[in-house]
Amino acid sequence: MSDGSPDPKETDRHRLQAALEAIALPGGARASCDISEAARNGLTYQAYFGDDVALEEAFAYQRSFCEGADRKACATFMLSDYLATLMAVLAPLFVIHRIVPSLAPDDVALRFQTQATPPGHAGPPLRRMHVCFLSPAHAATGGQAERAPAPELADRFRSEIERHFAPLISRLSALTGLAPAAFWRLVADAIAAAFLMAGREIGEEPMTKDLALKIVKGAGSPLHNPQLHFFELDLADGSEPPRLMSFRGRGGCCRFYTVEGGKLCTTCVLKAPAPRDRDLRSAMRRRLGLGG
């Protein structure tokens, strides 16, 4: 019998759902918290990424955008897509709301929504991935939004990420022959990029960059690699006043350069700093309307 006190699970669920609803995700993506049995009986992360047939279909989906892409490239593209959706949720949950949700493989569900297919696309229908958290129990919470999170919260974020991605990376490595470290580098890159963006949005870049490095540079963590870093670039030209902007220097490679018509990404780990900075500066000036 209830003594009238709030149900802790309901309190946690409402807090998580309220935080998720406050996060503006790009491109119409959504994230939610659903602890119903119907949701748990749906397509969990473990069921989807643990199914070789589903993974092969995911590879084929990626190949429809890059004809001739090999299995290694398809796997890195697929992982990068998933990371973009998941980290767009997890970074603001951590940075703004101080919530680390449970990322156990059975505590996360995936839902796919078919979208309008652009003219000339001969592959399968485009789809948007949505993430649903199935457990009301947070792996960790704490701190105030105006203060840097306690180190223990960053440690818990890292451990949840590791237990979430370890089974998938093991399977992708077995299917493609690409070393697990190559996939872990992509995960670390995605964490760094998402934390940088979250910090930029709230005006706390130094704090969120420091948090990201504490997470991905943990001793003994598969996320750790020496190449991943942040750097600043002055976008000003000639007599313009300084216009410093922070960027993430990648530790991993998505293998886009291996497909027909592909090339090294602007901040690829395979690029030397000088051409990387030159290309990035030029691209950002065009994007900001400052000229090439």
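Just so it is clear, the model here is predicted, and its values are computed rather than measured.

## Some words on the confidence of the model for the protein
Atomic detail in the predicted coordinates should be set aside for any region of low pLDDT.
Thought 1: Summarising the model, the protein shows a mean pLDDT of 85, and 83% of its residues fall at 70 or more.
Thought 2: Looking across the protein, the model is least confident in helix α2 (residues 37-40), with a mean pLDDT of 60, and most confident in helix α7 (residues 180-202), with 96.

## Some thoughts on the nonpolar core
Thought 1: Core analysis: the biggest nonpolar cluster contains 68 residues, and L93, F133, I161, F165, V187, I191 and F195 have the highest contact counts within it.
Thought 2: Here the element with the most residues in this core is helix α5 (residues 71-95); it accounts for 16 residues.
Thought 3: In this structure F165 touches Y45, L79, Y82, L83, L86, M87, W184 and V187, once residues within four positions along its chain are discounted.
Thought 4: Residues L233, L235, M245 and M284 belong to the second largest nonpolar core, which totals 7 residues.

## With respect to the environment of G251
Thought 1: Note on placement: G251 falls in the loop between β7 (244-249) and α9 (273-287).
Thought 2: Remark: the alpha-carbon pair of G251 and V269, spanning 18 residues in sequence, is separated by 5.4 Å.
Thought 3: With near-sequence residues (within four places) excluded, G251 lies in contact with R185, D189, N225, Q227, L228 and V269.

## Side note on unusual backbone geometry
Backbone geometry follows two general trends: most residues other than glycine have a negative phi, and most peptide bonds adopt the trans configuration.
Thought 1: We note that R98 has phi near 60 degrees; this positive angle belongs to a residue other than glycine.
Thought 2: Turning to its location among the elements, R98 is positioned in the loop between α5 and β2 (99-101).
Thought 3: Overall, the relative accessible area of 1% leaves R98 in the buried class.
Thought 4: Although it is not a glycine, R255 sits at a positive phi angle of roughly 75 degrees.
Thought 5: Using a relative accessible area of 18% as the deciding quantity, one classes R255 as buried.

Basis of the calculations
Residues numbered from 1 in each chain as written. Predicted model: local features only at pLDDT ≥ 70, side-chain atom pairs only at ≥ 80, totals over all residues. Heavy atoms only, no water. pLDDT = per-residue confidence, 0-100. Helix = DSSP H or I, 4+ residues; strand = E, 2+ residues; numbered from the N terminus. Core = buried A, V, L, I, M, F, W, Y, C linked by side-chain atoms within 4.5 Å. Buried < 20%, exposed > 50% of the residue type's maximum accessible area, 1.4 Å probe, protein only. Contact = heavy atoms within 4.5 Å.

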